[in-house]
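So the chains spell out like this:
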Amino acid sequence: MEISNTTDVYKSLYSELEDYEKRGISMSVDGYPASPLQIVQAHMICEEGSYMRDYVLDPQGYIESLEFVGLNQNYHYLNKKLDDN
């Protein structure tokens, strides 16, 4: 991915997360409360794997919180082992 394209992706992610924050939707990374900037920084420094989004909905179906769960090589390795058995 080109540097300018990567920068645009992170800017877009930050903007999206900032909108969630303005709507009062709580966000976390690996179970810890996080701001939009902290989430973008986590994505930027993540060398192996990536983050999976988990949308938590309220009883009416609206987004209540947004959780980012780190995925890494160990996660994929364990899932493959479980699938093989």
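Everything in this summary refers to the structure shown in the same document. (Residues numbered from 1 in each chain as written. Predicted model: local features only at pLDDT ≥ 70, side-chain atom pairs only at ≥ 80, totals over all residues. Heavy atoms only, no water.)

### So, helix α2 (residues 36-45)
Note: α-helices contain 3.6 residues per turn, so residues at a spacing of three or four share the same orientation.
Point 1. Listed in full, the buried residues belonging to α2 are Pro-36, Ile-39, Val-40 and Ala-42. All buried residues of α2 project into a common sector of 155° when viewed along the axis, lining one side. (Buried < 20%, exposed > 50% of the residue type's maximum accessible area, 1.4 Å probe, protein only. Helix = DSSP H or I, 4+ residues; strand = E, 2+ residues; numbered from the N terminus. Arc of directions from axis to C-beta.)

### Some thoughts on the sheet that holds strand β1 (residues 26-29)
Point 1. Pairing is mixed in the open sheet, where four strands are placed in the order β2-β1-β4-β3. Two strands bound the open sheet, and with one partner strand each, they are β2 (32-33) and β3 (50-57).
Point 2. Bridge analysis of β3 against strand β4 (residues 63-71) gives eight bridges, and the strand direction is antiparallel. Each residue of the ladder has a partner; that of Tyr-55, found in β4, is Leu-66.
Point 3. Packed onto the sheet, α2 meets β1, β2, β3 and β4 and runs at close to 30° relative to β1. (Pairing = 2+ DSSP bridges. Contact = heavy atoms within 4.5 Å. Axes fitted to C-alpha atoms, helices over the stretch in contact; angles between N-to-C directions.)

### Quick look at the side chain of Asp-58
Point 1. Tracing the sequence through the fold places Asp-58 in the loop between β3 and β4.
Point 2. Buried charged residue Asp-58 carries no salt bridge. Nearest counter-charge: Arg-23, at 9.3 Å.
Point 3. A polar atom in the side chain of Asp-58 sits 3.0 Å from the backbone nitrogen of Gln-60. (Lys, Arg positive; Asp, Glu negative; His and termini not counted. Salt bridge = Lys/Arg side-chain N within 4 Å of Asp/Glu carboxyl O. Polar contact = N/O pair within 3.5 Å; in protein donor to acceptor, adjacent residues only side chain to side chain.)

### Quick look at the environment of Thr-7
Point 1. Within the element layout of this structure, Thr-7 appears in helix α1 (residues 3-22).
Point 2. By relative accessible area, which is 34% here, Thr-7 ends up partly exposed.
Point 3. Sequence separation between Thr-7 and Met-44 is 37 residues; the distance between their C-alpha atoms is 9.7 Å.

### Topic: the environment of Leu-17
Point 1. With respect to the helices and strands, Leu-17 occurs in helix α1.
Point 2. Linking Leu-17 and Leu-66, residues 49 residues apart in sequence, is a C-alpha distance of 9.1 Å.

### Considering the pairing of β1
Point 1. Note that β1 and β4 share four bridges and pair parallel. Looking at the pairing, Met-27 lines up with Leu-66 of β4.
Point 2. The antiparallel hairpin formed by β1 and β2 contains two residues in its connecting segment, where Asp-30 sits at a positive phi of about 50°.

### Focus: unusual backbone geometry
Point 1. The backbone of Asp-30 sits at a positive phi, close to 50°, despite the residue not being glycine.
Point 2. In this structure, Asp-30 sits in the loop between β1 and β2.
Point 3. Classification of Asp-30 by relative accessible area gives partly exposed; the value is 42%.

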